[in-house]
Amino acid sequence: MNTTAQYQQLTELIFTWARELGFQQAGISDLELNQPTKHLDEWLEKGYHGSVGWMERNRDLRVNHEELVANSCRVISVRMDYLPPDTNQIQVLKNPEQAYLSRYALGRDYHKLIRKRLAKLANNILEFCEDNQLSPSPEQRPFVDSAPVLERPLAEKAGLGWVGKHTLLINKNAGSWFFLGEILTNIPLPVNLNTPENHCGDCKA
């Protein structure tokens, strides 16, 4: 099997492993983010980050992911839904005499949960590369809100949804009720070529 076919096989396995680990969706993109980087710079220049100084201090890490993982060229983005399909949360929220604890705050800390599963996914990738003597040797690292990664533009590029006007990523089936996680890697995997349509339209109201 040639190297290109091995990369394609690994990509298909990554999607299978991601589902087995409890992620609803996974996608792969490169790290080129020209437009989001320009938007970030304009946003910082206008002072929209307020007193959140680390936004400005970590600007270079947000746009140069190679500084987070040496020789990185791809990001594997994953989505994990946290809104149960049988919830009556919306009805409760409409009742002024009741309240709901945010779903993402229930149960285990999602940072630890997702990071552990991403670590398993990264280990599966490492084992595949070693078993098939696939180069380059993997350099990779999982992230869950743990480093200055532009996760929403990267997830959008990977095909997980589109960035809505509320600044969150929207998936046509899951809305915005999900967590995002990433693995930065130096393995040149095939990337998503079908960016989802932005269904928010062009209204500026």
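Above this text sits the structure in question.
None of the values given here were measured: they were computed from a predicted structure. (Residues numbered from 1 in each chain as written. Predicted model: local features only at pLDDT ≥ 70, side-chain atom pairs only at ≥ 80, totals over all residues. Heavy atoms only, no water.)

1. Regarding the overall build of the protein chain
Right, on to step 1. Scanning the protein chain from terminus to terminus reveals 7 helices and 6 strands.
Right, on to step 2. Ordered by position in the sequence, the α and β elements of the protein chain form the string α-β-α-α-α-β-α-α-β-α-β-β-β.
Right, on to step 3. At 18 Å, the protein chain has a C-alpha radius of gyration in line with the 17 Å of a compact globule built from 205 residues.
Right, on to step 4. Each principal axis of the C-alpha distribution contributes one length, and for the protein chain these read about 60 × 45 × 30 Å.
Right, on to step 5. Counting across all 205 residues of the protein chain, residues that qualify as buried make up 38%.
Right, on to step 6. The contacts of the protein chain with a sequence gap of at least 6 include a subset with a gap of at least 24, amounting to 76%. (Helix = DSSP H or I, 4+ residues; strand = E, 2+ residues; numbered from the N terminus. Rg over C-alpha atoms; globule rule 2.2 N^0.38 Å. Buried < 20%, exposed > 50% of the residue type's maximum accessible area, 1.4 Å probe, protein only. Contact = heavy atoms within 4.5 Å.)

2. Topic: helix H6 (residues 110–131)
Right, on to step 1. When the terminal C-alpha atoms of H6 are compared, their 31 Å separation across 22 residues agrees well with the 32 Å that a helix rising 1.5 Å per residue should span.
Right, on to step 2. Against the buried residues of H6 lie helix H1 (3–20), strand E2 (74–81), strand E3 (140–143) and strand E6 (178–185).
Right, on to step 3. In the stretch just after H6, glutamine 133 is the one whose phi turns positive, near 50°. (Expected span 1.5 Å × (residues − 1).)

3. Section: the pattern of salt bridges
Oppositely charged side chains may form a pair once their charged atoms are brought near each other.
Right, on to step 1. Counted under the stated rule, the structure contains 2 salt bridges.
Right, on to step 2. As a salt-bridge pair, aspartate 81 and arginine 79 come within 2.7 Å of each other at their nearest N and O atoms.
Right, on to step 3. Residue classification places aspartate 81 among the partly exposed residues on the basis of a relative accessible area of 28%.
Right, on to step 4. For arginine 79, a relative accessible area of 7% corresponds to the buried category. (Salt bridge = Lys/Arg side-chain N within 4 Å of Asp/Glu carboxyl O.)

4. Notes on the layout of surface pockets
Right, on to step 1. What the largest pocket holds in volume is close to 1200 Å³.
Right, on to step 2. Around the largest pocket sit 34 residues that line it, and Glu151, Arg152, Pro153, Thr167 and Leu168 are the ones nearest its centre.
Right, on to step 3. Going through the elements one at a time, helix H2 (34–45), helix H3 (53–57), helix H7 (151–157) and E6 are the ones with two or more residues in the lining of the largest pocket.
Right, on to step 4. Element by element, the count of residues in the lining of the largest pocket is highest for H2, at 5 residues. (1 Å grid on protein atoms, 1.4 Å probe; cavity = no way out; pocket = protein on both sides within 12 Å on 5 of 7 lines; lining within 4 Å. Points joined across faces, edges and corners; volume = space filled by probe spheres on them.)

5. Quick word on the packing of H1 against H6
Right, on to step 1. The geometry of H1 relative to H6 is characterised by a closest axis approach of 10 Å and an angle of 150° between their N-to-C directions. It follows that H1 is roughly antiparallel to H6 by the angle criterion. Handedness of the H1/H6 crossing: right-handed. Together, Gln6, Gln9, Leu10, Leu13, Ile14, Trp17 and Ala18 of H1 and Leu121, Asn124, Ile125, Phe128 and Cys129 of H6 make up the contact between the two elements.
Right, on to step 2. Split into classes, the residues belonging to the contact of H1 with H6 amount to 9 nonpolar, 3 polar and no charged. (Axes fitted to C-alpha atoms, helices over the stretch in contact; angles between N-to-C directions. Parallel < 35°, antiparallel > 145°, perpendicular 65-115°, else oblique. Left-handed = near helix turned anticlockwise from the far one by under 90°. Nonpolar A, V, L, I, M, F, W, Y, C, P; charged D, E, K, R; others polar.)

6. As for the nonpolar core
Right, on to step 1. Core analysis: the biggest nonpolar cluster contains 27 residues, and Leu10 and Ile125 have the highest contact counts within it.
Right, on to step 2. Every element with two or more residues in this core is listed here: H1, strand E1 (25–29), E2, H6 and E6.
Right, on to step 3. The element best represented in this core is H6, accounting for 9 residues.
Right, on to step 4. Apart from residues no more than four positions distant in its own chain, isoleucine 125 is found in contact with Leu10, Ile14, Trp17, Ile76, Gln140 and Ile187.
Right, on to step 5. Within the second largest apolar cluster, 14 residues are counted, among which are Leu33, Met55, Leu68 and Leu150. (Core = buried A, V, L, I, M, F, W, Y, C linked by side-chain atoms within 4.5 Å.)

7. Focus on a positive patch on the surface
Right, on to step 1. On the surface, Arg108, Lys112, Lys116 and Lys120 cluster together to form a positively charged patch.
Right, on to step 2. By the element assignment, lysine 120 lies in helix H6.
Right, on to step 3. For lysine 120, a relative accessible area of 44% puts it in the partly exposed group. (Patch = residues over 30% accessible without salt bridge, like charges linked within 9 Å, V, L, I, M, F, W, Y side chains within 5 Å. Areas by Shrake-Rupley, 256 points an atom, 1.4 Å probe, with all protein chains shown as cover. Lys, Arg positive; Asp, Glu negative; His and termini not counted. Charge placed at Lys NZ, Arg CZ, Asp CG, Glu CD.)

Just geometry here; none of it tells us what the structure is for.
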